[in-house]
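# Analysis of the macromolecular model
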Amino acid sequence: MAKLSIINREQKRRDTVKKFAAKRAQLVAVATNMALSEDERFAARQKIQALPRDSSPVRLRNRCALTGRPRGVFSKFGLGRTKLREYAMRGEIPGVVKASW
């Protein structure tokens, strides 16, 4: 299990991304609009850089909802590979069956 501080840090990042998503999208739209002057686009880029680093969605990491494991996470279920296997073997995930051929 991941340290609780790491899990909380990731949740704080998710909240920050959600908080600044609209503002960031608007500034990116201005910065990429070629119809505007170069000065306006440059000013928009400066404002994007002034936003908090953790407001960028690139800094997010998919983690297991139960254990906080950062690798081997199935995004469809939000679980790490080990927890997914445990739940699937117990039949707790609808529609998931053990493969046999």
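Residues numbered from 1 in each chain as written. Predicted model: local features only at pLDDT ≥ 70, side-chain atom pairs only at ≥ 80, totals over all residues. Heavy atoms only, no water.

### Observations concerning the nonpolar core
Nonpolar side chains in soluble globular proteins tend to end up buried together. Listed in full, the six residues of the largest apolar core are Phe20, Leu27, Ala31, Ala44, Ile48 and Leu51. The set of elements that each furnish at least two residues to this core consists of α1 (4-32) and α2 (38-50). With three residues, the top contributor of residues to this core is α1. If sequence neighbours within four positions are ignored, Phe20 has contacts with Leu51, Pro52 and Ser55. (Core = buried A, V, L, I, M, F, W, Y, C linked by side-chain atoms within 4.5 Å. Buried < 20%, exposed > 50% of the residue type's maximum accessible area, 1.4 Å probe, protein only. Helix = DSSP H or I, 4+ residues; strand = E, 2+ residues; numbered from the N terminus. Contact = heavy atoms within 4.5 Å.)

### As for the environment of Arg85
Examined against the element boundaries, Arg85 turns out to sit in helix α3 (residues 81-89). Considering only alpha carbons, one finds Arg85 and Lys98, 13 residues apart in sequence, at a separation of 9.5 Å.

### With respect to α1
For α1, spanning 29 residues, the distance from its first C-alpha to its last is 39 Å, which sits close to the expected 42 Å at 1.5 Å a residue. Of all bends in α1, the biggest is about 50°, found at Ala21. Among the residues of α1, Glu10, Arg13, Thr16, Val17, Phe20, Arg24, Leu27 and Ala31 are the ones counted as buried. Its buried side turned inward, α1 meets α2. (Expected span 1.5 Å × (residues − 1). Bend = angle between axes of the 7 residues up to and from the residue.)

### Let's talk about the pattern of salt bridges
This model, assessed by the stated rule, comprises five salt bridges. Between Arg13 and Glu10 there is a salt bridge, and its shortest N-O distance comes to 3.8 Å. Residue Arg13 and its partner Glu10 are located together in helix α1, separated by three residues, close to a single helical turn. Residue Arg13 shares its accessibility class with Glu10, and that shared class is buried. The shortest N-O distance in the salt bridge between Glu86 and Lys83 comes to 3.4 Å. Residue Glu86 and its partner Lys83 are located together in helix α3, separated by three residues, close to a single helical turn. With relative accessibility at 36%, the residue Glu86 sits in the partly exposed group. What emerges from the salt-bridge pattern is a single network uniting Glu10, Arg13, Asp54 and Arg59. (Salt bridge = Lys/Arg side-chain N within 4 Å of Asp/Glu carboxyl O.)

### Regarding the packing of aromatic side chains
As enumerated under the stated definition, the model contains zero aromatic pairs in all. Sitting above the plane of the Tyr87 ring, Arg90 keeps its charged end 5.0 Å from the centroid. (Phe/Tyr/Trp six-rings, centres within 6.5 Å; stacked < 30°, edge-to-face > 60°. Lys NZ or Arg CZ within 6 Å of the ring centre and 35° of its normal.)

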